[in-house]
Amino acid sequence: MKKFDEAAAALVAQAQADLAQVCARIDALEQENQARVLRAFQQERVAARHFAPTTGYGYDDVGRDTLDKVFALAMGCEDALVRPQFASGTHAIYTALAALLLPGDTLLCATGTPYDTLEQALGLRGGAQGSLADYGVQYRQIELTPEGEVDHEALGQALGRFGPAVVYFQRSRGYAWRQSLCVAQLEQAFSLVRQAAPQALIVVDNCYGEFCEEREPTQVGADLLAGSLIKNPGGGLAPCGGYVAGRHGLVERTANRLIAPGIGREVGSYAASYLPFYQGLFLAPHVTAQSLKSAALFARVFELLGLTTLPGSQDHRTDIIQAVRFSSREALLLFCQSIQAAAPVDSFVTPEPWDMPGYAHQVVMAAGTFVQGASIELTADAPMTEPYTAYLQGALTYAHGKLAAQAAVAALARAATVRL
Ligand SMILES: *Cc1c(COP(=O)(O)O)cnc(C)c1O
């Protein structure tokens, strides 16, 4: 048995050696993003008083209001709404869209089918009550090109034909076998929207993308971003929540929709203190970098084993997701189970596929995390359907990512699923 562990360790060491340049690039990225986040804290004069808990309505909650300002500076935009009252990334995205779209308006999605949990919220699948479709919002979608890029020709036509109020982009691959859209690609598509439909608002699902590049989509023309705090920008410490960030008026509109028009962001207390949100945001560039390195390491390890990965280990990354294709259902499940077994929390449980709310297929989810389901921690999910793709993301530390890679390879080799 020891034979497999030693061979797996040797393979991972080889992969790590192959990634020296990739890791150096990620270090440089972290340095730049850390500087931006640090400046944001200093500019807003963050102090101990911002960590004091509040109760009740939370009027004049300086901790809450300052966190919004620091976050906006970190995202390079005018304003942000960072709230534990956003239950998830889906809730933040849905709230933003519901705030910006009125009955009769058209929502145009420029990046193919949106992330699974949004399909019901928008009204594309199932008959969920209160979906945007229920409120009379029209939905249109254009597919990505076969290369996984925004189809500029189709986008230009759709902008003219449908006159959308909102054009929506999903930056990350989610559960799709495609390259994620880097900020430079988004920038090109945004400028097309600006020319062809100046009245349209550009909204981006930024989940998994924060701090993966030197610029955020708000810095290249997006009007509003939305995402989850139990992914990158929570730095592994935020216990829950979501955010929107972008133009001031749109953030205010979203606050009205989340709370109530006329009250908006003025209320909302948090008795548990915003300390972990601040500290997590400060750590986010580092933790995201750890996740990026772990993702590249898994990619290289499986490349060496002859499996197909997306992105490839040397590819430019714009999110923390690593997709790996396995040859069978059993291998896929075993991989996810080995990630669970390598976790600091719930390492002794065996994940099984289940009908997760909001998803079309059964999903197996390895999430041995401190914060339940936090995918900035090392996690792996897979829809249990062909072509047997695991989506791996997160890692609070690269050292943990490495240990998990070794354990996964050893487990797969022991089951004779891969050959070392
Ligand atoms: C995670 C994710 C979401 C939804 O976030 P939840 O917090 O799981 O609701 C939406 N879009 C993408 C691309 C995601 O990765």
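Scroll up a little and you will see the structure.
Note that the coordinates shown come from a computational prediction; the quantities given were computed from them, not determined experimentally.

*Asks:* An account of the site of the ligand is requested, with residue identities and associated values reported.
*Replies:* As a matter of local geometry, the ligand sits amid Ser88, Gly89, Thr90, Ile93, Tyr115, Thr117, Gln170, Asp205, Cys207, Tyr208, Ser228 and Lys231. Taking lysine 231, its side chain carries an N or O atom lying 2.9 Å from an oxygen atom of the ligand. Coverage of the ligand by the protein amounts to 90% of the 370 Å² it exposes when considered alone. When each cavity is represented as a set of grid points, the ligand is found to reside in the largest pocket. Counting residues per element, the shell around the ligand draws most heavily on helix α4 (residues 89-100), at three residues.

*Asks:* Mind laying out the packing of helix α2 (residues 20-43) against helix α3 (residues 62-74), listing which residues take part and the relevant values?
*Replies:* Where α2 contacts α3, the axes come no closer than 8 Å and their chain directions differ by 145°. As for the relative orientation of α2 and α3, their crossing is right-handed in sense. The segment α2 lies against α3, with Arg36, Val37, Ala40, Phe41 and Gln43 engaging Val70, Leu73 and Ala74. Its residues assigned to classes, the contact of α2 with α3 comprises six nonpolar, one polar and one charged.

*Asks:* Please set out the sheet that holds strand β8 (residues 308-310) residue by residue, giving values where relevant.
*Replies:* Spatially, the five strands line up as an open sheet ordered β8-β9-β12-β11-β10, and their pairing is antiparallel. Pairing within the sheet leaves two strands with one partner each, and these edge strands are β8 and β10 (363-366). Averaged over all pairs of adjacent strands, the angle between their axes in this sheet comes to 20°, without regard to strand direction. Relative to strand β9 (residues 322-325), β8 is paired through three bridges, and the arrangement is antiparallel.

*Asks:* Account for α4, naming residues and giving values.
*Replies:* For an α-helix the count is 3.6 residues per turn, leaving residues at separations of three or four pointing the same way. Between its first and last C-alpha atoms α4 spans 17 Å; for 12 residues at 1.5 Å apiece the expected length is 16 Å, and the two agree. Among all positions of α4, only Gly89, Ala92, Ile93, Tyr94, Thr95, Ala96, Leu97, Ala98, Ala99 and Leu100 are buried. Here α4 starts with a cap whose side-chain oxygen sits 3.4 Å from the backbone nitrogen of threonine 90, and that cap is serine 88.

*Asks:* I'd like to hear about the pairing of strand β5 (residues 201-205), residue by residue, with values.
*Replies:* Side chains on a regular strand alternate between the two faces of the sheet. Of all the five residues making up β5, five are buried; the element is thus mostly covered by neighbouring parts of the structure. Of the pairings in the sheet, the one linking strand β4 (residues 166-170) to β5 comprises five bridges and is parallel in character. Each bridged residue has a counterpart across the sheet, and for glutamine 170 the counterpart in β5 is aspartate 205. For the crossover from β4 across helix α7 (residues 183-196) to β5, the handedness is right-handed. Both β5 and strand β6 (residues 224-228) contribute to a ladder of three bridges, which runs parallel. Across the sheet, the residue bridging to aspartate 205 is alanine 226, located in β6.

*Asks:* Tell me about the packing of aromatic side chains, and please be specific about residues and values.
*Replies:* All told, the structure shown has 15 aromatic pairs when counted by the stated rule. An angle of 50° between the planes, with centres 4.7 Å apart, marks the rings of phenylalanine 71 and tyrosine 243 as tilted. Of the two residues, phenylalanine 71 is situated in helix α3 and tyrosine 243 in strand β7 (residues 242-246); the sequence distance between them amounts to 172 residues. Each member of the pair, phenylalanine 71 as well as tyrosine 243, carries the same accessibility label: buried. Taken together, the aromatic side chains of Phe41, Phe51, Tyr278 and Phe282 make up a single cluster linked through ring pairs. One Lys or Arg, lysine 231, reaches over the ring of tyrosine 208 and ends 4.1 Å from the middle of that ring.

Definitions and cut-offs
- Residues numbered from 1 in each chain as written.
- Predicted model: local features only at pLDDT ≥ 70, side-chain atom pairs only at ≥ 80, totals over all residues.
- Heavy atoms only, no water.
- Near = heavy atom within 4 Å.
- Polar contact = N/O pair within 3.5 Å; in protein donor to acceptor, adjacent residues only side chain to side chain.
- Areas by Shrake-Rupley, 256 points an atom, 1.4 Å probe, with all protein chains shown as cover.
- 1 Å grid on protein atoms, 1.4 Å probe; cavity = no way out; pocket = protein on both sides within 12 Å on 5 of 7 lines; lining within 4 Å.
- Sits in = over half its atoms within 2 Å of the grid points.
- Helix = DSSP H or I, 4+ residues; strand = E, 2+ residues; numbered from the N terminus.
- Axes fitted to C-alpha atoms, helices over the stretch in contact; angles between N-to-C directions.
- Left-handed = near helix turned anticlockwise from the far one by under 90°.
- Contact = heavy atoms within 4.5 Å.
- Nonpolar A, V, L, I, M, F, W, Y, C, P; charged D, E, K, R; others polar.
- Pairing = 2+ DSSP bridges.
- Expected span 1.5 Å × (residues − 1).
- Buried < 20%, exposed > 50% of the residue type's maximum accessible area, 1.4 Å probe, protein only.
- Right-handed = clockwise from strand over helix to strand, strands pointing away.
- Phe/Tyr/Trp six-rings, centres within 6.5 Å; stacked < 30°, edge-to-face > 60°.
- Lys NZ or Arg CZ within 6 Å of the ring centre and 35° of its normal.

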